[in-house]
Amino acid sequence: SKQSSFGVEFNQNKLNIELSGFYKIVDGITASNQGFYNNFQFENANGSYTAKGIEFLANKTARQYSVWLSYTYSKNEYEFDSFTPSSFPNNVDIRHSVGLGLNYDILENLKISLGGVWRNGQPYTNVVKGHETIQSGNSTMVNYDSPNGENIDDFMRLDASLCYNFKLSQGVNSSLRAGVINLTNKDNLINRYYKVNPNNSSDAIQVDNKSLGLTPNISFRVNF
């Protein structure tokens, strides 16, 4: 693998801004290890992928709070000379991603944190409409369209947590943290693929994998 990057950074009055670009080439990957859900999923071939893009980060820190914003643009593509097409989007090709976070000290020992992320959905391979399965010897297989030619819906999640620090005794510190993952209970897809319908071999069933919905959690930690 080879990677190069170049960036600039600005710091003033507890404001930090960074902007960088990157270019990465990885050779010698194998198709069988990529987790393909397309016409190449049972193929053995060597190839490569190329990732390039830019990253932006802005962070402001003050006495009671810290806030940051990040943005990434990235283009990530496979290259397999023995496949047709030979070049197509990587399974993790996410073009745009935005993150936002805030830490705020309500009291000296009480802190609230908020974090959010929005990004494009991951690529997936659709089936050929009207001809969703094909016969291969004695087996029926899903008839996939162009590899990673479409994207699932955009992903968005907001998390929140509250942390309270206190002393149990001399030399024994503790913290109590309560939080919620996916505060808005958004129904986020993280992957999509197809399988042959066991009740109708000419039909393909769409399978959607989803991330966690609203998930509360609590933890207690003791340091001594």
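Values in this document were obtained by computation on a predicted structure and should not be read as measured data.

**Observations concerning the overall build of the chain**
Then, in step 1: Broken down by element type, the chain carries 0 helices and 16 strands.
Then, in step 2: Along the three orthogonal principal directions, the C-alpha set of the chain runs to about 75 × 45 × 30 Å.
Then, in step 3: For the chain, the proportion of contacts with a sequence separation of at least 24, taken over those separated by at least 6, is 57%.
Then, in step 4: On the chain, roughly 13,900 Å² of surface is accessible, and the fraction owed to carbon and sulfur atoms is 52%.

**A word on the environment of Pro216**
Then, in step 1: Considering the arrangement of structural elements, one finds Pro216 in strand β16 (residues 215–223).
Then, in step 2: A residue is classified by how much of its surface remains accessible, and Pro216, at 57% relative accessible area, is exposed.
Then, in step 3: Contacts of Pro216, omitting those with residues within four sequence positions, involve Gly179 and Val180.

**Digging into the environment of Asn165**
Then, in step 1: With respect to the element layout, Asn165 can be found in strand β12 (residues 155–169).
Then, in step 2: Once the C-alpha coordinates of Asn165 and Ser211 are considered, the two residues, 46 residues apart in sequence, prove to be 31 Å apart.

**A look at a nonpolar patch on the surface**
Then, in step 1: Side chains of Tyr65, Tyr104, Ile106, Leu107, Ile112, Leu114 and Leu162 sit close together on the surface and give an oily, nonpolar patch of about 560 Å² of accessible area.
Then, in step 2: Elements supplying a minimum of two residues to the nonpolar patch: β6 (96–107) and β7 (110–119).
Then, in step 3: Take the nonpolar patch: its biggest share by element is 3 residues, from β6.
Then, in step 4: Along the chain, Leu162 falls in strand β12.

**Brief notes about the pairing of β6**
Then, in step 1: Relative to β6, strand β4 (residues 65–79) runs antiparallel, the two sharing 9 bridges. When the sheet's bridge partners are listed, Ser66 is paired in β6 with Asn103.
Then, in step 2: Bridge count for β6 against β7 is 10 bridges, and the pairing is antiparallel. Bridge pairing in β7 places Val98 opposite Trp118.
Then, in step 3: Between the antiparallel neighbours β6 and β7 lie 2 residues.

**Thoughts on the pattern of salt bridges**
Then, in step 1: For the structure on display, the rule yields 4 salt bridges.
Then, in step 2: We note a salt bridge from Asp159 to Arg157, for which the minimum N-O separation is 2.8 Å.
Then, in step 3: We classify Arg157 as partly exposed; its relative accessible area is 30%.

Calculation criteria
- Residues numbered from 1 in each chain as written.
- Predicted model: local features only at pLDDT ≥ 70, side-chain atom pairs only at ≥ 80, totals over all residues.
- Heavy atoms only, no water.
- Helix = DSSP H or I, 4+ residues; strand = E, 2+ residues; numbered from the N terminus.
- Contact = heavy atoms within 4.5 Å.
- Areas by Shrake-Rupley, 256 points an atom, 1.4 Å probe, with all protein chains shown as cover.
- Buried < 20%, exposed > 50% of the residue type's maximum accessible area, 1.4 Å probe, protein only.
- Patch = residues over 30% accessible without salt bridge, like charges linked within 9 Å, V, L, I, M, F, W, Y side chains within 5 Å.
- Salt bridge = Lys/Arg side-chain N within 4 Å of Asp/Glu carboxyl O.
- Pairing = 2+ DSSP bridges.

Structural measurements only, silent on function.
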